[in-house]
Every structure is written in C-alpha cells, then in structure tokens.
Amino acid sequence: QANSGASALAAIGDDPPDIVVTDLQMPEMDGLQLVTATRIHFPRVPVVLITAHGSEELAVRALEQGAASPPGGPNALPVVRREAAAGSGAADISG
C-alpha cells in the first residue's frame, strides 16, 4: 500500500506484486504515469486503474499506456480478481 504514485513505484521495485491497483488521482505521479512506469520497469506486473472520473479518452490512453483493462469505477472488482488470478496462477481470488 502506498500513498502516492512515486512511493508505489518504489514499493513495486522493492517487492514486485502480482498486480497493482491504482487510482487515477494521486500526488506526485498520477495513475496513468504509474501505469507507464510500471509497464517500462516491471512489464510482467498488470496494472488496473480505478477512477470515478472516467471517459472514453481516458480509457484509450490507459490501454495505450499498458493498463490491463480500461479504467474501472466502483464495480472494478471482477477485473481486479481476474488480473490477480492470471498474475498469480491462482484459480480464484475472493474478497
């Protein structure tokens, strides 16, 4: 868990997770910047972007920059579960 995009990127470097779930709006580095940096430095780690302020343009940008799926809102849990299961090899991730 991190409180900014920059600290999230540092944490990923210390111990790469199976999946990164991030908000679009964060201090220091926004979610799209974190998607791009993660894809460059840790290409095997899927990133799911969450936002309450999505648009078609944002969805296109997120996918172009390497997000695992278009940005999701409050109902993004199925995407997170799918990506986490794919990344970890787990059959089911429940929450």
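What counts, and where the lines are drawn
Along each chain, residues carry numbers from 1 onward, in the same order as the chain's sequence is written. This being a predicted model, a pLDDT of at least 70 is required before a residue's local features are given, and a value of 80 or more before pairs of side-chain atoms are given or counted; all residues contribute to the totals for chains, interfaces and linings. Where side-chain values are given, they derive from all heavy atoms of the structure, hydrogens and water being excluded. Counting from the N terminus, the helices are the DSSP runs of H or I reaching at least four residues and the strands are the DSSP runs of E reaching at least two. For the exposure calls, accessible area comes from a 1.4 Å probe over protein chains only, and a residue counts as buried if that area is under 20% of its type's maximum, exposed if over 50%, partly exposed in between. The criterion used for residue contact is that any of the two residues' heavy atoms lie within 4.5 Å. Per-residue and other accessible areas follow the Shrake-Rupley method at a 1.4 Å probe size, with only the shown protein chains counted as cover for residues. Remark: nonpolar core denotes a set of buried residues (Ala, Val, Leu, Ile, Met, Phe, Trp, Tyr, Cys) joined through side-chain atoms within 4.5 Å. Any two strands are treated as partners once DSSP identifies two or more bridges connecting them. A crossover counts as right-handed when, viewed with the strands pointing away from the observer, the path leading from the first strand over the helix to the second turns clockwise.

1. Some points on the overall build of the chain
Then, number 1: A tally of helices and strands in the chain yields four helices and two strands.
Then, number 2: Along the chain, from the amino end to the carboxyl end, the secondary structure elements read α-β-α-β-α-α.
Then, number 3: Out of the 95 residues in the chain, the part that is buried amounts to 37%.
Then, number 4: A separation of at least 24 residues holds for 51% of the contacts in the chain among residues at least 6 apart in sequence.
Then, number 5: Counting every atom, the chain has about 5,700 Å² of accessible surface; 51% of that belongs to carbon and sulfur.

2. What to know about the nonpolar core
Then, number 1: If you look at the biggest cluster of nonpolar residues, it comprises 17 residues, and the most contacted ones within it are Leu9, Val20, Leu32 and Leu34.
Then, number 2: Those elements that place two or more of their residues in this core are α1 (5–14), α2 (31–41), β2 (47–50) and α3 (56–64).
Then, number 3: It is α2 that contributes the most residues to this core, four residues altogether.

3. Structural notes on the side chain of threonine 22
Then, number 1: Here threonine 22 shows up in strand β1 (residues 20–23).
Then, number 2: Those residues in contact with threonine 22, other than ones at most four positions away along the chain, are Gly31, Leu34, Val47, Val48, Leu49 and Ile50.

4. Some details on the environment of glutamate 28
Then, number 1: Assignment of secondary structure puts glutamate 28 in the loop between β1 and α2.
Then, number 2: For glutamate 28, a relative accessible area of 68% corresponds to the exposed category.
Then, number 3: As a C-alpha pair, glutamate 28 and asparagine 3 span 25 residues in sequence and 9.8 Å in three-dimensional space.
Then, number 4: Every residue in contact with glutamate 28, bar those within four places of it in the chain, is listed here: Ser4, Ala6 and Gln33.

5. Structural notes on the pairing of β2
Then, number 1: Pairing geometry for β1 and β2, over four bridges, is parallel. In the sheet register, valine 21 faces β2, and the bridge partner there is valine 48.
Then, number 2: In this region the chain leaves β1, passes through α2 and returns to the parallel neighbour β2; the handedness of that crossover is right-handed.

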